[in-house]
Each structure stands twice: as C-alpha cells, then as structure tokens.
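Breakdown of the fold
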Amino acid sequence: MGVELAYTDAVARATDGLYAKVAGVIPAIEWPVHAPLIAAINRLKHEKNAVILAHNYMTPEIFHCVGDFTGDSLALAREAARTDAKIIVQAGVHFMAETSKILSPGKTVLIPDMRAGCSLAASITGADVRLLRQKYPGLPVVTYVNTSADVKAQSDICCTSGNAVKVVEQIAKDFGTDTVIMIPDKYLARNVAAQTGVKVITWEGACEVHERFTAQQIRDYRTANPGIVVLAHPECPPDVVAEADFAGSTAAMIGYVGDRHPERVILITECSMSDNVAAEHPETQFVRPCNLCPHMKRITLESILHCLETMTTEVLIDPAIAARARIPIDRMLAIK
Ligand code: SF4
C-alpha cells in the first residue's frame, strides 16, 4: 500500500485551515512535511469510519490536525465508549488503548506503536497487587488509570490525577477504613495524602517524565521569569508541587489557562502540552520546560498513517480480565 506524500496544491487546499490552528507553534517551513501525512490520515479515517483519540501529550500536528477527540486519558476513554465509529486509533500510550478497549469491547482499538508504554504502568503487575492484598488484608486498592488491564482487574476502584482525593475519601468511607492502598505512583499518592485525612500506603512507581522536575528548577524559573504562574502535575514530587501556584491534572491545567488567562505561565508537565495549549491561547506567553515522554513520542503522523493503512496493531484483552477491569473504572465513574 502507501500513498503519494507530496505537498501538492490539493494537499495545501485540504490542510490550510488546519495550519491556521497551529501556525503559532509549527514553523511554516515544517508544514510541507506534515501536511501530506495529515491529508492522507484524514482521508483514510473518513473512508474507514475511524476516529483518532489524541492525548494532551501528542505533538501539535497530531493533537490539532488529526485528533477527532483530544484530552486526558479518562476523557479519551469516555469518547471511545460514546463514538459510533467502528475503529478507534489511540494516539497515546498502551494503557490508554487498553482502557478504551475495556470501555468499548465491541470496537476495534488500534495503537500506532505497541512499544508506547509507560513507566508507571510498567512498575506493577496484577501479581504484585495480589501480594499487596495479602500483606494488607481488607484494605481497598485504589489504582491510578496509568496501569495495565491486569492491574485494574485486581483493584477496587480506579482514579485519575483529577479525582484521586475524592476517590480515596469515598472508598475509605465505603470500606469503613482510615487507610487505603494507592498504586502505583508514589508521588501522586503522597500528594493526595497531603490533602486528606485518609492514610495512604503506596507503591514505588513514578512517572519518568514528572519525577525529573526539581523544586530548585521551579525556583530558577521564577527568578528568570518574575511574575510567572507555575502549574504542576500531581505526578511531580511533592516538593515540586509545593513550589507551584496550582497543581492539577492536564485537564485542570488547561482549564486554569482558559479561565484565568495568565500573562505568563509554565506547565510543569510533558513538553508537548505547552505547545498544544499555546496554540489555543496566543494571549498567554508560555515558558516551556522540555521533558519529553519517550513513550508518547513513539506516536507520529507516520505511525498513525501506517496504522490506518494496515489496521495494525490491534489491542486485545482477555474478555474475562477486561470485564473484571471495567468494575473499578465504572465504580470511579459513578462517583460524582
Ligand atoms: S508522561 Fe509519564 S505517566 Fe504519562 S505515559 Fe509518559 S511515562 Fe507514563
């Protein structure tokens, strides 16, 4: 297979409107490289009745130009369940594709690169969770969505970085306990513990992107950029979060910028998100720390096009595990 990938007049006509969305973050000289791929992906998507779910950490040419739905992992999984499309292409990492498949078992879920993993998801297995349960009998297991289906299947409830405090408090109440097990992100767990009276037992997992930020870096950014607003993701170490003006999920950070229009801001999270938010908020100046997620960056326009052309690689989950993994997700979704 394979399509003609020249920057023709027809390609320019089909993509000029998209370039207007990203002109502030993609130099014009790069556009003729991206545009033919974007045009081919959007055509194939239409022909095959496929949708692309693009995570906030995708590069702008993916996020703004081929993504049908964009957002954090939970928002994308919800869209996966809602869409009428038969085929879902997950422009994100493997656990996200699994979550889409769990919530949409009847749809074909594809990931452009099976190697797109996650240090948090890789830090723990279902067998580890069973051992934790033996060690702490009776305590509820709260599992961050950044985990495999196998781990979710062993859990009582899932959480996101946006709802973790609420989930921990609710499940502690439901189980009549003052202590919960929260896996696998030790930093998210500590940041949550600091906001609630519930005691949290955690796991030694960490996001390899967010754990690289340091409190000293934040102080240095403030010195170099007086008056800057610092927004940090709760996967960062607690001393980094303590230096920030606001800590929240990617969706919460986007909401902060959209609602408050800070003059200058720094998002302490994966690099591409600043580009994606900056494209929509030209009134705000973004200082961009550049910690890239190597897993997210495996997803490219080229790999998305190949995925649609060849219908590879399909994400499959043992139906019994998928059914069990859905329970803690649904339990989380039921919390208002
Ligand atoms: S940014 Fe961190 S949590 Fe997100 S996929 Fe990459 S390693 Fe995993």
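Just so it is clear, the structure is predicted and the values come from calculations on it, not from any experiment.

Let us look at the pattern of salt bridges. Tallied over the full model, the rule gives 11 salt bridges. Among the salt bridges present, the one from R115 reaches D113, with a minimum N-O distance of 2.9 Å. Residue class for R115 comes out exposed when judged on its relative accessible area of 55%. What makes D113 buried here is its relative accessible area of 11%.

So, about the site of the ligand. Residues in contact with the ligand, as listed here, are Y57, V93, C118, S119, L120, N146, C207, V209, E235, C293, H295 and M296. Of the residues in the shell around the ligand, the class split is eight nonpolar, three polar and one charged.

One can find D113 in the loop between β4 (108–110) and α6 (126–135). With residues near it in sequence (within four places) discarded, D113 still touches R298 and I299.

Here is a general trend for soluble globular proteins: nonpolar side chains tend to be buried in one another's company. Counting residues in each nonpolar core, the largest one holds 94 residues, and the members touching the most others are W31, I62, V142, M182, L267 and I304. By residue number, the principal contributor to this core is helix α2 (residues 31–48), which donates eight residues. Setting aside anything within four residues of it in sequence, one finds I62 in contact with A54, G67, A91, I299, T300, L301 and I304. Core analysis: the second largest hydrophobic core is formed by 12 residues, I218, C236, V241 and I268 among them.

Conventions we followed
Residues numbered from 1 in each chain as written. Predicted model: local features only at pLDDT ≥ 70, side-chain atom pairs only at ≥ 80, totals over all residues. Heavy atoms only, no water. Salt bridge = Lys/Arg side-chain N within 4 Å of Asp/Glu carboxyl O. Buried < 20%, exposed > 50% of the residue type's maximum accessible area, 1.4 Å probe, protein only. Near = heavy atom within 4 Å. Nonpolar A, V, L, I, M, F, W, Y, C, P; charged D, E, K, R; others polar. Helix = DSSP H or I, 4+ residues; strand = E, 2+ residues; numbered from the N terminus. Contact = heavy atoms within 4.5 Å. Core = buried A, V, L, I, M, F, W, Y, C linked by side-chain atoms within 4.5 Å.

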